[in-house]
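Here are the chains, one letter per residue:
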Amino acid sequence: MCIRDRNARSKRALLAREPKIIENPKTSILLRGTSSSQTITRVLNDLHKLRMPLSKNLSKKTDCRPFENNASIEFLCQKNDSSLFALGTSTKKRPDNLVLGRTFDGHVLDMMEFGVTQFKSIESFKGVEQPMLGSKPCMYFGGNEWEGSSVLESAKSLLLDFFKGVEAKQVNLAGLDRVMTVVIVDGKMMLRHYRIRHLKGVTKTGDKPVLLQECGPSLTLTPRRTAIASSDLKKVAERQPRAAAPIQEKNTSTNVFGEKLGRLHMEKQDLNKLQTRKMKGLKRSRGDDDDDDDDDDQEE
């Protein structure tokens, strides 16, 4: 479908949505189904706070059933220029249901359905200072079950993509103020959010002491239905443009200390033409020059 720009404003909007070598940070939309509970509403509100300002919380209820027909989800993602979505519903068959998913090239790439239990909102942690808005969190995944199943590997990738925030090449340790942990036990994912507090003093190892204080939200996710992308579609979605690939420098390496080492290739040097310090003891006499000339004549 070809979309033409009618004015300068629509032209700028179309240019902003065109593919780029380095893409913009992923934004998300949070949706509510026609039937939702108070718990799911509070979960979506807390997820919106964690992802701000890269999140849009749509208050209008939508009749979306992504596992049956994902056309409405794709339309809303394209309309809001979002590649991540979260849908909250609650029915008698699937109470407190949360669907997290990703899109690629305007179509749903993969999505997973979770049941939410043991939920504690941010408001229930009173007296705890909340992290700075829009800060990048540390992500920790605990448990040995992540690598045993392709479904759990996709869930790990989806959660990491949803909560990692803005891409950063370098991070200042003093600016890290929160940690998100996802520990899996018996197939259930326990998601916790902690604030990092830097205390005064020095530990025995010479480092500054750090205290983790839970600040919410806290919830447990139980996997339900899944729609995982095929391996061929994953390869296409993970493909990187050549212009974004790092330029490899020849004859350089890095040692264990992080120091950059280089190798230089030089031509063979003639030591007879090497300029040395002028000293009387090293100065050639006329007799030596004549002897050298005689030797050259004999060789000829």
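Quick notes on the rules
Residues numbered from 1 in each chain as written. Predicted model: local features only at pLDDT ≥ 70, side-chain atom pairs only at ≥ 80, totals over all residues. Heavy atoms only, no water. Helix = DSSP H or I, 4+ residues; strand = E, 2+ residues; numbered from the N terminus. Buried < 20%, exposed > 50% of the residue type's maximum accessible area, 1.4 Å probe, protein only. Contact = heavy atoms within 4.5 Å. Areas by Shrake-Rupley, 256 points an atom, 1.4 Å probe, with all protein chains shown as cover. Lys, Arg positive; Asp, Glu negative; His and termini not counted. Charge placed at Lys NZ, Arg CZ, Asp CG, Glu CD. Phe/Tyr/Trp six-rings, centres within 6.5 Å; stacked < 30°, edge-to-face > 60°. Lys NZ or Arg CZ within 6 Å of the ring centre and 35° of its normal. Pairing = 2+ DSSP bridges. Salt bridge = Lys/Arg side-chain N within 4 Å of Asp/Glu carboxyl O. Expected span 1.5 Å × (residues − 1). Polar contact = N/O pair within 3.5 Å; in protein donor to acceptor, adjacent residues only side chain to side chain. Axes fitted to C-alpha atoms, helices over the stretch in contact; angles between N-to-C directions. Nonpolar A, V, L, I, M, F, W, Y, C, P; charged D, E, K, R; others polar.

Caption draft 1: Expanded view of the overall build of the protein chain. If you tally the helices and strands in the protein chain, you get 6 helices and 12 strands. With respect to the three principal axes, the spread of C-alpha positions in the protein chain is 110 × 60 × 45 Å. When the 300 residues of the protein chain are sorted by exposure, 31% land in the buried category. Considering only intrachain contacts with a sequence separation of at least 6, the fraction spanning at least 24 residues in the protein chain is 64%. Within the structure as shown, the protein chain displays about 21,700 Å² of accessible surface, and the carbon and sulfur contribution to it stands at 50%. The protein chain carries 52 positive and 41 negative side-chain charges, and their two centres are separated by 18 Å.

Caption draft 2: Structural view of the packing of aromatic side chains. Applying the stated criterion across every chain, the model contains 2 aromatic pairs. Between F141 and W146, the aromatic rings sit 5.4 Å apart at their centres with planes inclined by 90°, giving edge-to-face as the arrangement. According to the relative accessible area criterion, F141 is buried, its value standing at 17%. Judged by relative accessible area, which is 2%, W146 ranks as buried. Here F162 and F163 contribute two aromatic rings whose centre-to-centre distance is 5.4 Å and whose plane-to-plane angle is 70°, an arrangement assigned as edge-to-face. Of the two residues, F162 and F163, both sit in the buried class. For R51, the ring lying beneath its charged end belongs to F162, and the centroid distance is 5.3 Å.

Caption draft 3: Fine view of the side chain of S37. Within the element layout of this structure, S37 appears in the loop between β1 (28–32) and α2 (38–51). Those residues within four positions of S37 in sequence are excluded, and the remaining contacts are S90 and D96.

Caption draft 4: Representation of the side chain of S154. Positionally, S154 belongs in helix α4 (residues 150–163). A relative accessible area of 6% places S154 in the buried class. With near-sequence residues (within four places) excluded, S154 lies in contact with R102, M112, I228 and K234.

Caption draft 5: Geometry of the pairing of strand β3 (residues 84–89). Burial analysis of β3 places 6 of its 6 residues in the buried class, which makes it a mostly covered element. In β3, alternate side chains face the same way, and those of L84, A86 and G88 on one face and F85, L87 and T89 on the other are all buried. One ladder, built from 5 bridges, connects β1 with β3; its direction is parallel. Within β3, the residue paired with S28 across the bridge is L84. Pairing geometry for β3 and strand β4 (residues 97–104), over 6 bridges, is antiparallel. Residue pairing across strands places L84 opposite R102, the latter belonging to β4.

Caption draft 6: Representation of the pattern of salt bridges in the model. One pass over the full model with this rule turns up 10 salt bridges. For R102, the salt bridge is made with D161, and the minimal N-O distance between the two is 3.5 Å. One end of the pair, R102, is in strand β4; the other, D161, is in helix α4, and 59 residues separate them in sequence. K260 is the salt-bridge partner of E249, the closest N and O atoms lying 2.7 Å from each other. Residue E249 is found in the loop between α5 (231–237) and β11 (252–254), and its partner K260 is found in strand β12 (residues 260–262); the two are separated by 11 residues along the sequence. By relative accessible area, which is 58% here, K260 ends up exposed. Overlapping salt bridges bring together K26, R102, D110, D161, K164 and E167 as one network.

Caption draft 7: Just α4, in detail. In this model, α4 (14 residues) spans 20 Å end to end at C-alpha, consistent with the 20 Å of a helix rising 1.5 Å per residue. Measuring from the side-chain oxygen of the N-cap residue of α4 to the backbone nitrogen of V151 gives 3.3 Å; that N-cap residue is S149. G165 occupies a position one or two residues after α4 and carries a positive phi of about 85°.

Caption draft 8: Up close: α2. Taking 1.5 Å as the rise per residue, α2 with 14 residues should run 20 Å; its terminal C-alpha atoms sit 20 Å apart, in good agreement. Residues I40, V43, L44, D46, L47, H48, L50 and R51 constitute the buried set of α2.

Caption draft 9: Structural view of the packing of α2 against α4. Interhelical geometry of α2 versus α4 gives an angle of 65° and a closest axis separation of 9 Å. On the side of α2, the interface is formed by L47, L50 and R51, while α4 contributes D161, F162 and F163. In terms of residue class, the contact of α2 with α4 is built from 4 nonpolar, no polar and 2 charged.

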